[in-house]
Amino acid sequence: MAVGLVVVIVFMIVSTVIGNTAICYIIYRVRRLHSPSCIFLVNLAINDILVALFLLPFSIATTASNYVVVSKTGCDIIGFFQHATSAVSVLTLLSVSMDSILRVALRHSKQIAREVKALRQREMAAVLEPELGAQVSAAVISGQYCMRKPHSALRADIKTALTLASIVGVLFIAWTPYIVVNLWSSHTRNYGTELLQSIVSGLYYSTGVINPYLYGYLNRIIKREFKTIWTNTRRSFSQIRANKIQQAEITSRKSS
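Residues numbered from 1 in each chain as written. Predicted model: local features only at pLDDT ≥ 70, side-chain atom pairs only at ≥ 80, totals over all residues. Heavy atoms only, no water.

Colleague: I keep staring at the overall build of the chain and nothing clicks. Help me out?
Modeller: The secondary structure content of the chain amounts to 9 helices and 0 strands. Taken from N to C terminus, the helices and strands of the chain fall in the order α-α-α-α-α-α-α-α-α. The proportion of buried residues among the 256 residues of the chain is 32%. Long-range pairs, those at least 24 residues apart, make up 74% of the contacts in the chain between residues at least 6 apart in sequence. As displayed, the chain offers around 16,800 Å² of accessible surface, 68% of which is attributable to carbon and sulfur atoms. (Helix = DSSP H or I, 4+ residues; strand = E, 2+ residues; numbered from the N terminus. Buried < 20%, exposed > 50% of the residue type's maximum accessible area, 1.4 Å probe, protein only. Contact = heavy atoms within 4.5 Å. Areas by Shrake-Rupley, 256 points an atom, 1.4 Å probe, with all protein chains shown as cover.)

Colleague: Would you mind going over the UniProt feature "transmembrane region" (unreviewed entry) in the chain with me for this structure?
Modeller: Residues given the UniProt feature "transmembrane region" (unreviewed entry) here are residues 6-28, 40-60, 80-102, 158-179 and 199-218. This span, residues 6-28, is 100% helix and 0% strand, and a straight line between its end C-alpha atoms measures 33 Å. Spanning residues 199-218, this segment combines 95% helix with 0% strand, and its end C-alpha atoms are found 27 Å apart. (UniProt positions renumbered as here; feature names shortened; annotations may be inferred.)

Colleague: Sorry, what's going on with the environment of Pro212 here?
Modeller: One can find Pro212 in helix H8 (residues 207-218). Judged by its relative accessible area of 0%, Pro212 is buried. When the C-alpha positions of Pro212 and Val42 are compared, they lie 9.9 Å apart, and in sequence the two are 170 residues distant. Apart from residues lying up to four places away in sequence, Pro212 is in contact with Gly19, Asn20, Ile23 and Phe226.

Take a look at the structure:
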């Protein structure tokens, strides 16, 4: 069982580092993704990479040796970093939420200001020239001067809200068992079975694996860039393999 757990942890480390590094690279590469929300996603990705590189290796050592390989001070440090990275994730999601709320509020305030300006123009036109005022009134009623929210902006807001809700949902599902078990253990001094600890810890750390692919699934641009990177990687490996085969054929011909 220990070997299987070590393999799973190594897989989680590799997947977390590769997926979140790809997210950072894609956001850096694509200018359309240079927005506050995407910068916060980069912050989440870097946080997940640090968790995979500095916290998960201790789980490998503990699982492989069947006992705690660090001192009490080391356990305190690891616990501190676990809580710190969790706080970073929560605060980053809070920042994404506040950014989305402020962006929508600012857009609506600009829309209201334009509509108020259009209404004032209608009133002034009605005072100065009744016929022109009637034309402007008809234009305002028909929506010509009312700057309604574009469908693209509405879709972007819905997409941002869906992404945020999905990330929060994944964190809630993955972190709740870990928090409940740890609170129960701290009060009862009963840490449960090794299998229970492995399951809740695996769920806790699985968010680093899930998040980058969740971003790619919910964001069309990131999904497209993921496909491009995957295609280029496969093409590069195919080219390397073809070059090796060609080199082997040339070598065999020379030797014969």
